[in-house]
Structures are given as C-alpha cells and as structure tokens.
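# Examining the three-dimensional arrangement
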Amino acid sequence: MSRDATSAMLERIELDNVRFLRLQFTDLLGMPKNVAIPVKQAEKALTSGIGFDGSSIEGFVRIEESDMVLKPDLSTYTLLPWRSGDYAEARFVCDVYKASGKPFEGDPRYVLRRAMEDAAKDGYVFNTGPELEFFLFRMHEGRPTTQFQDVGGYFDLAPTDLAEDVRREIILALTEMGFEIEASHHEVAESQHEIDFKYSDALHTADNVISFKFAAKTIALMRGLHASFMAKPIYGICGSGMHTNCSLAKNDKNAFYDPEAPLQLSRTCMHFIGGLLKHAKAITRVANPTVNSYKRLVPGYEAPCYVSWSAGNRSALVRVPSPRGNSTRVEFRSPDPTCNPYLAFAAMLTAGMEGVRERIEPPVGVDTNIYHMSVEERKGAGIETLPGDLYEANQALLADDLICSAFGPHVVEALTSVAEAEWDAYRTAVHPWELDRYLATY
C-alpha cells in the first residue's frame, strides 16, 4: 500500500469523525467476523496490519499456527449508518495473512481472488449479481421465532406488508454504504423479502453479500425483528434462495453476447454453461452448505434440483434471462443465502472457465417443466439430480479434482470436517417428526 494512499485514507477517516474501525473478514462458513480497533490504531492497521488469533475462527488453523494478520482493503472503506452520531464507526473488509507475510490459503476471499486472477490470464472479468431472499420474523424474549411479521404476498405493498418500513430502512442504510439498489419487493411467502443490488466483479459482490446480511440483521434487530437467511425455515412454503446472475467481460464487453448466434448467446456463454453443469454437484457443497439447505432443493417451490439449463424455464438449474446486449447473463439458481459467497463464486468461476477453455458443450436446453417429467423421461433426456443432502454434496466435492484444486487442501479438509460433524449431529438426533410419526404407533 503506497504512503500517499495511506495518508489520504487517514485524512478521510479524520474528516469523517471516525472513532472506531471494524476490520471485517469471514470464516469458512461465511460468518462475518471483525476486530474493532480505536482510530488511534488506524495507521498501524493500514501499514502493517492488525494481528489476531486465527485458532478461534471456524475452519482457519490449529493453535500451534494461530498467528494471523488482517490487512484492510482500502476500496472497501465505508461508514456504518446505524452507528452515526457524534462519533462515527467505519468498516474495512480485510484480507487475511500469515505472520510470515504470505496470504493465508484458508481465507475465503483469497480463494476467490485467486480464481479471478486465473480467469484474468485469459482476459476475463467475472461479474456476479445475486438476488438475496430473507424472512423477517418476530422476536420473543430476545430469541428469534418463526412467527410472521406480515401476511403480504409477492410484490404486495402496505398495509398488508407490515415490514415495509424495515425493508426501506435496510435499503437506505445500504445506499449510504455505497450499494446501488436495483429493486426490492415482497417475495412469495409471508414475511419473505428480496432486495437486489447492482452487479459488479465477483470479489466486490461477495464483499457486498456479507455487508448486506450484516446490515439487514442489524437493522431488523433494532426494530425488534430477526432477519433470517436460513434456506428453509418453514415447511410447506418457499425457502430463500440466492439466485446468482453471472457473466464474463472481456475488453469491457460482455463476452456472453453474440448477436449472430442462436439465442444471441456466444460460444463462450454456452461453454461456460457447460462447465457449470459439469461441476454442478461439487458446487452444491458450497452453494448449499447446511443440512437445512437441502430441504429447499426439492420439486415444487421454484428451487432447482435437476442439472439442466434453459432459456426461460425456472425449474432448470441454469436459466438464461431474456435481456441481451450488455445485460446478457446466466442465472445459477441453486445457491441459498447461507452460502459463503467467496467460495460459491470461486467454484462457479472455476467450473465455467474450464468450460470455456475446454469448450465443453452443454446438453440440449430443457424448455418443459422438469418437475412434471417422470423419472424415465428425465433419464431419457440425460437430466441428473443435484445432491440430496449435505453428505452427498461433500462426497461430490471430494470427487471433483478441479474444484478441490481451486479451493486448495486446507479449505477442502476444513469443509469436509464441518460437513461430517454437521451430518453426524443431524443423522443421530431424534427429530420431532420421528416422534410424531412413530412414538404412538410403536
């Protein structure tokens, strides 16, 4: 970091009347972590970084190799709107380094940065635009419930949408943080909402996903509500997804658009789709990282569970929205908002880039509703199914040399440890459904 850049940032911090800085990073699960420092430590943070104990962070390191250093990314500086007043608080997203000065291979942000640098060798920039859905639930005695705050439906307005004020406050806060909000509306389920922000390069977007969830939870809590990004909090209604629109740009032009090609989709776009579908099962491990995620990936609720693509069919895993020109993109519909966006985007980019480089042709697009097809019809069309649970998804990851190589052994081993522990805890627990089903009968 240059001395001029550091001096300019220190001056800006002083002009903003900042008294505390939050140095933010994420663990392997995508949970935001932060080290708060007084502004007097700002110069040290910007020049040499701030040390912390990595052994206490999920998926990082063992105690004997725990010394880590946070180095702020100056481009991520923003004030926290809910901490305004006489003394402001600001936030930097940080990269994690080892004490030796080398990047920490278990830092999810580093994993994505490495994948983007690999794509840049061929001149490509990976852009993503996620659509995050979430529920606003009531709190009871300081604990979240699954009680609805409103009874609104898709695109409803007040007065049925009682959480409209909270959604508006979230949007205002995000706007103050530099987000360019494109749309917001009530989603299909009661108390379910969606806020979409403008696409950007994948690293910047992943930073924004973490900031988005942090802001939404903070502002909802200030109003006595709980913002839940859980994939399927309630049985029988739609879960929450994080459909991710993505495209490649080359020489500042959309590389997915070709006005002369079928559907106006370039060979680059088609091969990217081919790569996504080839590695879809392994990507599922990080796009859908919890036991609960797989309760969403079932037929009938607009969530994909079949490995296929379409120019419009929402039951397909990969959908190509209708806009063309610079807006040409593919929508990867399986991720949910519990995912670590850095790892999910890195896996998607790695898979897509193999498709581009190896010229992997996707199968024929499916325009019929796959949910209504029989097992025999799906087999005949060569349509495979996404993993049905977390254990199966992790096995798919371990069998995928490309994605494992992109993540590196540290991340793969940590993800496997988490998946096995989660699955064993879930598999051996006795659930209320089992008691309802069997206790009186047997």
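Structure report, in brief. Note that the coordinates shown come from a computational prediction; the quantities given were computed from them, not determined experimentally. Once a new chain begins, its residue numbering starts again from 1 and follows that chain's sequence as written. pLDDT decides what is reported in this predicted model: residues at 70 or higher carry local features, side-chain atom pairs at 80 or more are listed and counted, and totals for whole chains, interfaces and linings draw on all residues regardless. With hydrogens and water excluded, all non-hydrogen atoms of the structure serve as input to the side-chain values.

### Describing a nonpolar patch on the surface
The patch calculation keeps residues exceeding 30% relative accessible area without a salt bridge and links them within 9 Å when they carry like charges or within 5 Å when they are nonpolar (Val, Leu, Ile, Met, Phe, Trp, Tyr). Accessible surface area values rest on a Shrake-Rupley calculation with a 1.4 Å probe, where residue burial reflects the displayed protein chains alone. Each salt bridge in this description consists of a side-chain nitrogen of Lys or Arg and a carboxyl oxygen of Asp or Glu lying within 4 Å of one another. Together, V430, L435 and L439 line one region of the surface with nonpolar side chains, adding up to about 310 Å² of accessible area. The way it works is that DSSP assigns letters per residue, a run of H or I at least four long becomes a helix, a run of E at least two long becomes a strand, and they are numbered from the N terminus. Inspection of the secondary structure assignment puts L439 in helix α14 (residues 432–439).

### Quick word on the side chain of T26
Its location among the elements puts T26 in strand β1 (residues 18–26). Working definition: with a 1.4 Å probe on protein chains only, accessible area under 20% of the residue-type maximum means buried, over 50% means exposed, and in between means partly exposed. Accessibility expressed as a relative area gives 4% for T26, which makes it buried. Contacts are assigned to residue pairs with any non-hydrogen atoms lying within 4.5 Å of each other. When sequence neighbours within four positions are dropped, the list of residues in contact with T26 reads M31, P32, F60, P108, I210, N340 and Y342.

### Some details on the environment of M353
Note on placement: M353 falls in helix α9 (residues 341–358). For the pair M353 and Y124, spaced 229 residues apart in sequence, the C-alpha to C-alpha distance is 9.3 Å. Excluding anything up to four places from it in sequence, M353 contacts A119, D122, Y124, L248 and F272.

### What about unusual backbone geometry?
Phi is mostly negative for residues that are not glycine, and the peptide bonds are mostly trans. Unlike most non-glycine residues, N251 shows phi in positive territory, near 55 degrees. Summarising the element assignment, N251 is placed in the loop between β13 (242–250) and β14 (253–254). Its identity is not glycine, yet L263 carries a phi of approximately 60 degrees, on the positive side.

### Description of the layout of surface pockets
Roughly 740 Å³ of volume is contained in the second largest pocket. Surrounding the second largest pocket, 36 residues form its lining, L29, M31, K213, K217 and T338 being those nearest its centre. At the level of elements, β1, β2 (32–38), β8 (143–148), α5 (202–222), β12 (225–228), α7 (280–287) and α13 (409–428) are the ones that each hand at least two residues to the lining of the second largest pocket. A breakdown of the residues in the lining of the second largest pocket according to their chemical character gives 18 nonpolar, 11 polar and seven charged. Here a cavity denotes a set of grid points, spaced 1 Å apart and computed over the protein atoms alone, in which a 1.4 Å probe fits but from which it cannot get out, and a pocket denotes an open set meeting protein on both sides within 12 Å along at least five of seven lines; residues with an atom within 4 Å of a point are reported as lining. Grid points are joined across faces, edges and corners, and a volume is the space filled by probe spheres set on the points. The nonpolar class holds Ala, Val, Leu, Ile, Met, Phe, Trp, Tyr, Cys and Pro. Asp, Glu, Lys and Arg form the charged class, and all remaining residues, Gly among them, are polar.

### Some thoughts on the nonpolar core
One finds L248, V330 and F407 to be the most contacted residues of the largest nonpolar core, which totals 89 residues. When residues of this core are assigned to their parent elements, the largest contribution, 11 residues, is made by α9. If we ignore the near neighbours within four places in the chain, the residues touching V330 are T244, N245, C246, F256, C269, F272, I273, L276, V318, R319, V320 and P321. What we call a nonpolar core is a set of buried Ala, Val, Leu, Ile, Met, Phe, Trp, Tyr and Cys residues that are connected through their side-chain atoms within 4.5 Å. Membership of the second largest hydrophobic core comes to 23 residues, among which are L21, A45, I50 and F104.

### Structural notes on the environment of R19
Here R19 lies in strand β1. In contact with R19, other than residues within four places in its own chain, are I37, P38, V39, Y87 and A88.

### Points about the side chain of H243
Considering the arrangement of structural elements, one finds H243 in strand β13. A relative accessible area of 10% means that H243 is categorised as buried.

### Re the pattern of salt bridges
Counting across every chain of the model gives 17 salt bridges. Between R109 and D73 there is a salt bridge, and its shortest N-O distance comes to 2.9 Å. Of the two residues, R109 is situated in helix α3 (residues 108–120) and D73 in the loop between β4 (67–72) and β5 (78–79); the sequence distance between them amounts to 36 residues. With respect to burial, R109 and D73 carry one shared label: buried. Between R333 and E331 there is a salt bridge; the shortest N-O distance is 3.0 Å. Across the pair, exposure class does not vary: R333 and E331 are buried alike.

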